[in-house]
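Here's the letter readout for the chains.
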Amino acid sequence: MRIFITGGSGLLGSKIVEIGMIRGYEVYAGYCHSKLEFGEPVKFDLVKNTDLEVIYKIEPEVIIHTAALTNVDECEVNKELAYEINAEGTRSVAKIAKELGASIVYVSTDYVFSGDKGMYKEDDEPNPINYYGYTKLMGERYCDCIVRPCVIYGAKPASGKVNFALWLLNKLKNGEKVNIVTDQYITPTLNTNLAKMLLEIAERGLKGIFHLAGATRISRYDFALRIANKFGLDGDLITPSSMEEMKWVASRPKDSSLDTSKALRYLREKPYVLDKALEVLKEEMEKC
Ligand SMILES: NC(=O)c1ccc[n+]([C@@H]2O[C@H](COP(=O)([O-])OP(=O)(O)OC[C@H]3O[C@@H](n4cnc5c(N)ncnc54)[C@H](OP(=O)(O)O)[C@@H]3O)[C@@H](O)[C@H]2O)c1
């Protein structure tokens, strides 16, 4: 299979590229500003669609579109850029996929939901409360296979950033105190588990909406405690806090946890419960 992964330098994309190559696929990895670790490099910029014609030369059979402006507060401040990358960029990539007869798997987000209810199913009505969620939802209009994860974490920094788990581990290892909210609920998603589920969707040519997240709903505070506990670090450094105290620019959903029962039914690669995900994370970090 010849696959093109947009966002191949990112937290999720880099893991899809890595696993895709292990499976023997011909993997092309899109990047914009950051270094790539794996894959055949393909530089392009979704801003003003610069260099997108390179995709025609690759002639991928499948495109997994993970590239996005993922900084939620930046999207709120720089709305034009967020729309250009997340909505218009997705439209352009989907148009090229159609012209090439390639299938496209679009990675959307739990932030398309308001967070009033939690444990969202695929047929629940989206109602984003911030601009990031709105632009990602607009991107969904152009794709017939949509995957929504929730709070992705993994063993390595990517795209010049550390994810929540790595940030927390660094702080705790340095003996620093952290404030973590007790009133925000999520279904955190290990990038390795998500990458395998996404590749299965690509391999089987599945269509529709899939909530591909971790199988455990948990508050961010308890998630942090579970990470500390798994890595033998001092959980007392984690101070309970509330969403109201956070100095976020954009509003965040209170409960954007996703119901993954459809994935559990349809996929061979199942969403991991948190215990298993943290075990895999630990093993991966020991190899880094
Ligand atoms: N992280 C989460 O918790 C989370 C939760 C739910 C959904 N998602 C969704 O999952 C997907 C992957 O997220 P992630 O955390 O892996 O993202 P990430 O680590 O922030 O990586 C973003 C990727 O998008 C690329 N990109 C950004 N702007 C671009 C542009 N103008 N042109 C081309 N490429 C561009 C980046 O390339 P360079 O670094 O090379 O510039 C990078 O490879 C995103 O679609 C996101 O909306 C993420």
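Predicted, not measured: the structure shown is a model, and the values here were computed from it.

Rules used in this analysis
- Residues numbered from 1 in each chain as written.
- Predicted model: local features only at pLDDT ≥ 70, side-chain atom pairs only at ≥ 80, totals over all residues.
- Heavy atoms only, no water.
- Helix = DSSP H or I, 4+ residues; strand = E, 2+ residues; numbered from the N terminus.
- Rg over C-alpha atoms; globule rule 2.2 N^0.38 Å.
- Buried < 20%, exposed > 50% of the residue type's maximum accessible area, 1.4 Å probe, protein only.
- Contact = heavy atoms within 4.5 Å.
- Lys, Arg positive; Asp, Glu negative; His and termini not counted.
- Charge placed at Lys NZ, Arg CZ, Asp CG, Glu CD.
- Polar contact = N/O pair within 3.5 Å; in protein donor to acceptor, adjacent residues only side chain to side chain.
- Pairing = 2+ DSSP bridges.
- Right-handed = clockwise from strand over helix to strand, strands pointing away.
- Near = heavy atom within 4 Å.
- Areas by Shrake-Rupley, 256 points an atom, 1.4 Å probe, with all protein chains shown as cover.
- Nonpolar A, V, L, I, M, F, W, Y, C, P; charged D, E, K, R; others polar.
- Axes fitted to C-alpha atoms, helices over the stretch in contact; angles between N-to-C directions.
- Arc of directions from axis to C-beta.
- Parallel < 35°, antiparallel > 145°, perpendicular 65-115°, else oblique.
- Left-handed = near helix turned anticlockwise from the far one by under 90°.
- 1 Å grid on protein atoms, 1.4 Å probe; cavity = no way out; pocket = protein on both sides within 12 Å on 5 of 7 lines; lining within 4 Å.
- Points joined across faces, edges and corners; volume = space filled by probe spheres on them.

K.L.:
How should I be thinking about the overall build of the chain in this particular structure?
P.N.:
In terms of helices and strands, the chain carries 10 helices and 13 strands. Scaling as 2.2 N^0.38, a compact globule of 288 residues should have a C-alpha radius of gyration of about 19 Å, and the chain matches this with 18 Å. Considering the chain as a whole, with its 288 residues, one finds that 56% of them fall into the buried category. The contacts in the chain between residues at least 6 apart in sequence include a share of 77% that link residues at least 24 apart. Looking at the chain, you have 38 positive and 41 negative side-chain charges, and the mean spots of the two groups are 2 Å apart.

K.L.:
Before we go on, may I ask you to explain helix α6 (residues 164–173) in this structure?
P.N.:
Helical geometry: 3.6 residues make up each α-helical turn, so side chains three or four residues apart lie on a common side. Residues of α6 that are buried include every one of F164, A165, L166, L168, L169 and L172, and no others. Contact partners of the buried residues in α6: β7 (152–153), β8 (178–181), α8 (220–230), β13 (238–241) and α10 (274–287). Where α6 begins, one side-chain oxygen reaches toward the backbone nitrogen of A165, 3.2 Å away; that side chain belongs to N163.

K.L.:
Could you clarify how one ought to interpret the pairing of strand β6 (residues 145–148) in this entry?
P.N.:
Regular strands place side chains that alternate from one sheet face to the opposite one. Going residue by residue along β6, you find C145 and V147 tucked away on one face and I146 and R148 tucked away on the opposite face as well. Relative to β6, strand β5 (residues 103–107) is paired through 2 bridges, and the arrangement is parallel. Along β6, the bridge assignment pairs Y106 with I146. As a crossover connection, the stretch from β5 through helix α5 (residues 131–140) into β6 is right-handed. The pairing of β6 with strand β11 (residues 208–211) spans 4 bridges and is classified as parallel. Residue pairing in the sheet places V147 in a bridge with F210 of β11.

K.L.:
Is there a simple way to explain the site of the ligand in this structure?
P.N.:
In the vicinity of the ligand there are 29 residues, among which S34, Y132, K136, S159 and K161 approach most closely. In this structure, an oxygen atom belonging to the ligand sits 2.5 Å away from a side-chain N or O atom of S159. Considered on its own, the ligand offers 900 Å² of accessible surface; in the complex 91% of this is hidden by protein. Broken down by class, the residue content of the shell around the ligand amounts to 15 nonpolar, 10 polar and 4 charged.

K.L.:
I'm lost on the sheet that holds strand β1 (residues 2–6) in this one. Help?
P.N.:
The strands making up a sheet associate through backbone hydrogen bonding, with each pair oriented either parallel or antiparallel. Taken together, 7 strands build an open sheet; the order of strands is β3-β2-β1-β4-β5-β6-β11 and the sheet is parallel. Every other strand in the sheet has two partners, leaving β3 (40–43) and β11 as the edge strands with one partner each. The sheet shows a mean angle of 20 degrees between the axes of neighbouring strands, taken without regard to direction. Bridge count between strand β2 (residues 26–31) and β3: 4 bridges; the pairing is parallel.

K.L.:
Any chance you could explain α8 here in plain terms?
P.N.:
Along α8, the residues that are buried comprise R220, Y221, F223, A224, I227 and A228. Burial along α8 is one-sided: seen end-on, the buried residues are contained in an arc of 160 degrees. Two residues or fewer past α8, G232 is found with a positive phi of approximately 65 degrees.

K.L.:
In this structure, what is going on with the packing of α6 against α8? I would like to understand it.
P.N.:
In helix packing, the relevant descriptors are the interaxial angle and the interaxial distance, both defined with respect to the helix axes. In contact at an axis separation of 10 Å, α6 and α8 are set at 60 degrees when each is read in the N-to-C sense. In terms of axis orientation, α6 runs oblique to α8. Here α6 runs over α8; the crossing is right-handed. Contacts between α6 and α8 involve F164, A165, L168, L169 and L172 from the first element and R220, F223, A224, I227 and A228 from the second.

K.L.:
Teacher, can you tell me more about empty space enclosed by the protein here?
P.N.:
To find leftover empty space, one rolls a probe the size of a water molecule over the atoms. Summed over the entire model, instances satisfying the criterion amount to 1 cavity of 30 Å³ or more. Space inside the largest cavity adds up to approximately 30 Å³. Forming the walls of the largest cavity are S103, I104, V105, C145, I201, A202, G205, L206 and K207. Sorting the residues of the lining of the largest cavity by element identifies β5 and α7 (191–204) as the ones contributing at least two each. The biggest single contributor to the lining of the largest cavity is β5, with 3 residues. The residue inventory of the lining of the largest cavity, partitioned by class, reads 6 nonpolar, 2 polar and 1 charged.

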